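Here are the chains, one letter per residue:
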Amino acid sequence: MADSKREIERKYEATEETRLPDLSRVAGVSAVVPQGVGELDAVYYDTEDLRLAAASITLRRRTGGDDAGWHLKFPVASDIRDELREPLSDTLPRSLAGLLRSRVRDGALVPVVRLRTARDVHHLTGADGEPLAEVCVDTVRAERLIGGGVERPAGGETGRRPGDGGDAGRRPGSGGTAAWTEVEVELADGADPALLDAVERPLREAGLRPSAASSKVARALAETGPGDGRATGGGRGAGDGRGAEDERTARQSSRKDTSDAGNGPGTPKEAGRVTAGDHVLAYLRAQTEAIVALDPAVRRDLPDSVHRMRVATRRFRSALRTYRKILDRGVTDPIGDELKWLATELGIDRDQEVLDARLRAGLDSLPRTLVLGPAPARLRIWSGARRGGSRRRTVAVLDDDRYLALLNRLDALLADPPLRSAASHAPGRALPRAVLKEYGRLAARVGRALELPPGHDRDLALHDARKAAKRARYAADAARPALGRPAQRFASRMKAVQTLLGDHQDSVVARDALRTLAAQAHAAGEPGFTWGLLYGREEATAAEEERRLPGVWGRAAKPKVRKALKG
């Protein structure tokens, strides 16, 4: 596994004449320690259509300095990126190549930019000499590298370092160049982020301004490009940049517009008019980008990443089913089947994660006098064996060609959507109908569950109702940009039902696991008392959720909540 580092930094525009102000006067800074000037030489890689740049991801092979090697950076938030490092090698390490698979897919990584930087480094230290931040004055020379293919070494890695000469990876005479100076302030590990604001004040007073570019490579691509827009990326797997634009446009539409004229599938849209189809496609683009962006997070086993990727997968599939009047199900149903497969595979890891947390919390809540035998150790061994297997299986799924084929099909669907006639309708007409149809399905399932006596059949019926509540909630979420607050209120009520029924289902699953653990403990000659006690608690929890259901459902089922959707 590659070394990982959280990078918190800010960049500022400078000139060759720029001199750093006295930063020792910044609160908390005791000394500014010069480290000298170093030379860095980095080649940045991307696909030819700049998919990584479009997602603000950077991949470079750098020599010089104290961190030579391969560096892969993912955006986290403003001024924050996660940097993963591997030692210097001729080919892109497998660990980094896997993290780019959802973006690169079957494409090739090629050298796109070379940056040669003279870096003047200063360390800011505290009263005890502890490092607080690193301030660098970087003089950068950028060269766009056009052409120069990339080898595919055995094992699936992509990437070949350019040769050591100045023309590495470049077709002679075809690359643009640029040069600039910037100041970079990077927070030391564990330092207070407020220091960045404190350092920024004297820098601004000295005439420096925050850089307009998010990274050096972004600036290099913009300033050395041919002017055809390639510097912003937008290739397959990059989310194509349209989702946010569509969302903004959708929010500007009038939900009271009921005109249908002149906007059928395949016909030009009227200027400024946004249709129901536009809203649905914007929502699907957002879910596609979430799936692609969360892929490396799942591979890195980041907290909640599997859950979020599974939710995006389910949201996409749910939208295809809900909005069948807008998208042709003859095209979307096979894609929905593949999304179901992916969600199921992701669920193996996620469900085990949720179950483990629930069982541990239950065991930890018991007084020590009620924990008999080696119950904590048994739970730890049981959970570890199941979690390890599910984790390996999840990564194997993301490496499967079937998964990549699904990502390509999602892109193809969005590039050429199979719109039906209802797609041209005004959002305020088509979307409420679809949402209310999902509500009708949920109402029928809740009614059936409440008619059944407590027991196995009711548990199954409540589980079906939970899935219907989730689908109704997702339908309203997709319609929210068009329908506004009424859709938000409806989704909130559906979420309350879904949450209650989800807690009930978690209890059902926990009881099955506790029964298994009790049987294993009995077979090993261990006391089963603790497992039985936890089982009884889960039974009581489920009974309480069933008792609360009529009240929660009554609030969700109020007619005014549904009436508001129609405007």
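Residues numbered from 1 in each chain as written. Predicted model: local features only at pLDDT ≥ 70, side-chain atom pairs only at ≥ 80, totals over all residues. Heavy atoms only, no water.

Engineer: Looking at this structure, I do not really get the pattern of salt bridges. What am I missing?
Structural biologist: By the definition in use, this model includes 53 salt bridges. Across the pair Glu-345 and Arg-393 runs a salt bridge, and its minimum N-O distance is 2.8 Å. Taken together, the residues Glu-345 in helix α9 (residues 329–364) and Arg-393 in helix α10 (residues 375–398) connect sequence positions 48 residues apart. On the basis of relative accessible area, Arg-393 is assigned to the partly exposed category, the value being 44%. In this structure, Asp-477 engages Arg-473 in a salt bridge whose closest nitrogen and oxygen atoms are separated by 3.9 Å. One end of the pair is Asp-477 and the other is Arg-473, both in helix α13 (residues 456–483) and four residues apart, which spans about a single turn. Here Arg-473 falls in the buried class, since its relative accessible area comes to 16%. (Salt bridge = Lys/Arg side-chain N within 4 Å of Asp/Glu carboxyl O. Helix = DSSP H or I, 4+ residues; strand = E, 2+ residues; numbered from the N terminus. Buried < 20%, exposed > 50% of the residue type's maximum accessible area, 1.4 Å probe, protein only.)

Engineer: Hey, could you run me through the side chain of Ser-211 in this one?
Structural biologist: Along the chain, Ser-211 falls in the loop between β9 (209–210) and α5 (216–224). What makes Ser-211 buried here is its relative accessible area of 16%. A distance of 3.2 Å separates the side chain of Ser-211 from the backbone nitrogen of Ala-213, its partner in a polar contact. In this structure, Ser-211 is in contact with Lys-11, Tyr-12 and Glu-13, ignoring residues within four places of it in sequence. (Polar contact = N/O pair within 3.5 Å; in protein donor to acceptor, adjacent residues only side chain to side chain. Contact = heavy atoms within 4.5 Å.)

Engineer: Where do I start with a positive patch on the surface in this structure?
Structural biologist: Judged by side-chain charge, Arg-485, Arg-489, Arg-555, Lys-558 and Lys-560 come together as a positively charged surface patch. As for its position among the elements, Lys-558 is in the loop between α15 (529–556) and α16 (559–563). (Patch = residues over 30% accessible without salt bridge, like charges linked within 9 Å, V, L, I, M, F, W, Y side chains within 5 Å. Areas by Shrake-Rupley, 256 points an atom, 1.4 Å probe, with all protein chains shown as cover. Lys, Arg positive; Asp, Glu negative; His and termini not counted. Charge placed at Lys NZ, Arg CZ, Asp CG, Glu CD.)

Engineer: Before we go on, may I ask you to explain α15 in this structure?
Structural biologist: Along an α-helix, a turn takes 3.6 residues, which lines up residues three or four apart on a common side. Compared with the 40 Å implied by 1.5 Å per residue over 28 residues, the 40 Å span of α15 between its first and last C-alpha is a close match. The largest bend in α15 is about 40 degrees, located at Leu-549, with the proline Pro-550 one to four residues further on. Within α15, the full set of buried residues consists of Thr-530, Trp-531, Leu-534, Glu-538, Ala-542, Glu-545, Glu-546, Leu-549, Val-552, Trp-553 and Ala-556. (Expected span 1.5 Å × (residues − 1). Bend = angle between axes of the 7 residues up to and from the residue.)

Engineer: Help me understand the nonpolar core, please; the structure alone is not making it clear to me.
Structural biologist: For soluble globular proteins, nonpolar side chains are generally found buried alongside one another. In this structure, Leu-284, Tyr-323, Ile-326, Tyr-403, Leu-431, Phe-490 and Trp-553 are the most contacted members of the largest nonpolar core, which totals 70 residues. Per-element tally for this core: the top contributor is α13, with 13 residues. Setting aside anything within four residues of it in sequence, one finds Ile-326 in contact with Ala-276, Gly-277, Val-280, Pro-418, Leu-419, Arg-420, Ala-422, Ala-423 and Leu-431. (Core = buried A, V, L, I, M, F, W, Y, C linked by side-chain atoms within 4.5 Å.)

Engineer: Is there a simple way to think about the packing of aromatic side chains in this case?
Structural biologist: Note on aromatic pairs: each is described by the distance of the centres and the angle between the planes. In total, this model carries three aromatic pairs according to the counting rule given. Ring centres of Tyr-439 and Phe-490 lie 6.3 Å apart, and the angle between their planes is 65 degrees; on these two criteria the pair is classed as edge-to-face. On the criterion of sequence distance, the pair formed by Tyr-439 in helix α12 (residues 427–451) and Phe-490 in helix α14 (residues 485–523) is long-range, its members being 51 residues apart. Comparing Tyr-439 with Phe-490 shows no difference in burial state: the two are buried. Seen from their ring centres, Tyr-439 and Trp-553 are 5.7 Å apart, and the 15 degrees between their planes marks the pair as stacked. Placement of Tyr-439 in helix α12 and of Trp-553 in helix α15 is noted, with a sequence separation of 114 residues between them. As far as the burial class goes, Tyr-439 and Trp-553 line up, both buried. Grouped by ring-pair contacts, the aromatic residues Tyr-439, Phe-490 and Trp-553 constitute a single cluster. The ring centre of Trp-341 lies 4.2 Å from the NZ or CZ of Arg-402, which sits over that ring. (Phe/Tyr/Trp six-rings, centres within 6.5 Å; stacked < 30°, edge-to-face > 60°. Lys NZ or Arg CZ within 6 Å of the ring centre and 35° of its normal.)

Engineer: Quick question: what am I supposed to make of the packing of helix α8 (residues 305–322) against α9 here?
Structural biologist: Where α8 contacts α9, the axes come no closer than 9 Å and their chain directions differ by 155 degrees. On the basis of their axis angle, the class for α8 and α9 is roughly antiparallel. The chirality of how α8 crosses α9 is left-handed. The segment α8 lies against α9, with Val-306, His-307, Met-309, Arg-310, Thr-313, Arg-314, Phe-316, Arg-317 and Leu-320 engaging Thr-332, Ile-335, Gly-336, Leu-339, Lys-340, Leu-342, Ala-343, Leu-346, Gly-347, Asp-349, Arg-350 and Asp-351. The residue makeup of the contact of α8 with α9, split by class, is nine nonpolar, five polar and seven charged. (Axes fitted to C-alpha atoms, helices over the stretch in contact; angles between N-to-C directions. Parallel < 35°, antiparallel > 145°, perpendicular 65-115°, else oblique. Left-handed = near helix turned anticlockwise from the far one by under 90°. Nonpolar A, V, L, I, M, F, W, Y, C, P; charged D, E, K, R; others polar.)

Engineer: What am I meant to see in the environment of Ile-57 here?
Structural biologist: Take Ile-57: it is sitting in the loop between α1 (51–54) and β3 (58–63). We classify Ile-57 as buried; its relative accessible area is 6%. Residues Ile-57 and Pro-75, spaced 18 residues apart in sequence, show a C-alpha to C-alpha distance of 6.7 Å. With residues up to four places along the chain from it excluded, the contact list for Ile-57 reads Leu-52, Leu-72, Lys-73, Phe-74, Pro-75, Leu-100 and Arg-103.

Engineer: Honestly, the side chain of Asp-82 in this entry has me stumped. Any pointers?
Structural biologist: Mapped onto the elements, Asp-82 comes out in strand β5 (residues 80–86). The buried category is assigned to Asp-82, whose relative accessible area is 6%. Separated by 3.2 Å, the side chains of Asp-82 and Arg-300 make a polar contact.

Engineer: Help me out: how do you make sense of the pairing of strand β6 (residues 110–125) in this one?
Structural biologist: For a regular strand, side-chain orientation follows a simple rule: the groups alternate between the two sheet faces. Across the 16 residues that make up β6, a large majority, twelve, are buried. For β6 and strand β7 (residues 131–144), the ladder comprises 13 bridges, and the chain directions are antiparallel. When the bridges of β7 are listed, Thr-125 appears paired with Pro-131. Between β6 and β7, which pair antiparallel in sequence order, lie five residues; one of them, Gly-129, sits at a positive phi of approximately 80 degrees. (Pairing = 2+ DSSP bridges.)

Engineer: So what exactly am I meant to see when it comes to the packing of helix α7 (residues 276–299) against helix α11 (residues 401–415) here?
Structural biologist: In a pair of packed helices, the angle between the axes and the distance between the axes together describe the arrangement. As a packed pair, α7 and α11 sit with axes 10 Å apart at the nearest point and diverge in direction by 155 degrees. Considering their axes alone, α7 and α11 lie roughly antiparallel with respect to each other. For α7 against α11, the interelement crossing comes out left-handed. Contacts between α7 and α11 involve Leu-281, Leu-284, Arg-285, Thr-288, Ile-291, Val-292 and Asp-295 from the former and Tyr-403, Leu-407, Leu-410, Asp-411 and Leu-414 from the latter. Taken together, the residues of the contact of α7 with α11 break down into eight nonpolar, one polar and three charged.

Engineer: Explanation requested: the confidence of the model for the protein in the structure shown.
Structural biologist: Counting all residues, the mean pLDDT for the protein is 87, and 86% of those residues have values of 70 or more. Across residues 147–174, confidence stays below pLDDT 50; counting only partners more than four residues off in sequence or on other chains, it has 64 contacts. Throughout residues 228–271 the model reports pLDDT below 50, and contacts reaching past four residues in sequence, or to other chains, amount to 89 contacts. (pLDDT = per-residue confidence, 0-100.)

Engineer: Is there a simple way to explain α12 in this structure?
Structural biologist: Compared with an ideal rise of 1.5 Å per residue, which puts 25 residues at 36 Å, α12 spans 36 Å between its outermost C-alpha atoms and is within 8% of the ideal. When α12 is considered as a whole, its buried residues turn out to be Pro-427, Gly-428, Ala-430, Leu-431, Pro-432, Ala-434, Val-435, Glu-438, Tyr-439, Leu-442, Val-446 and Ala-449.

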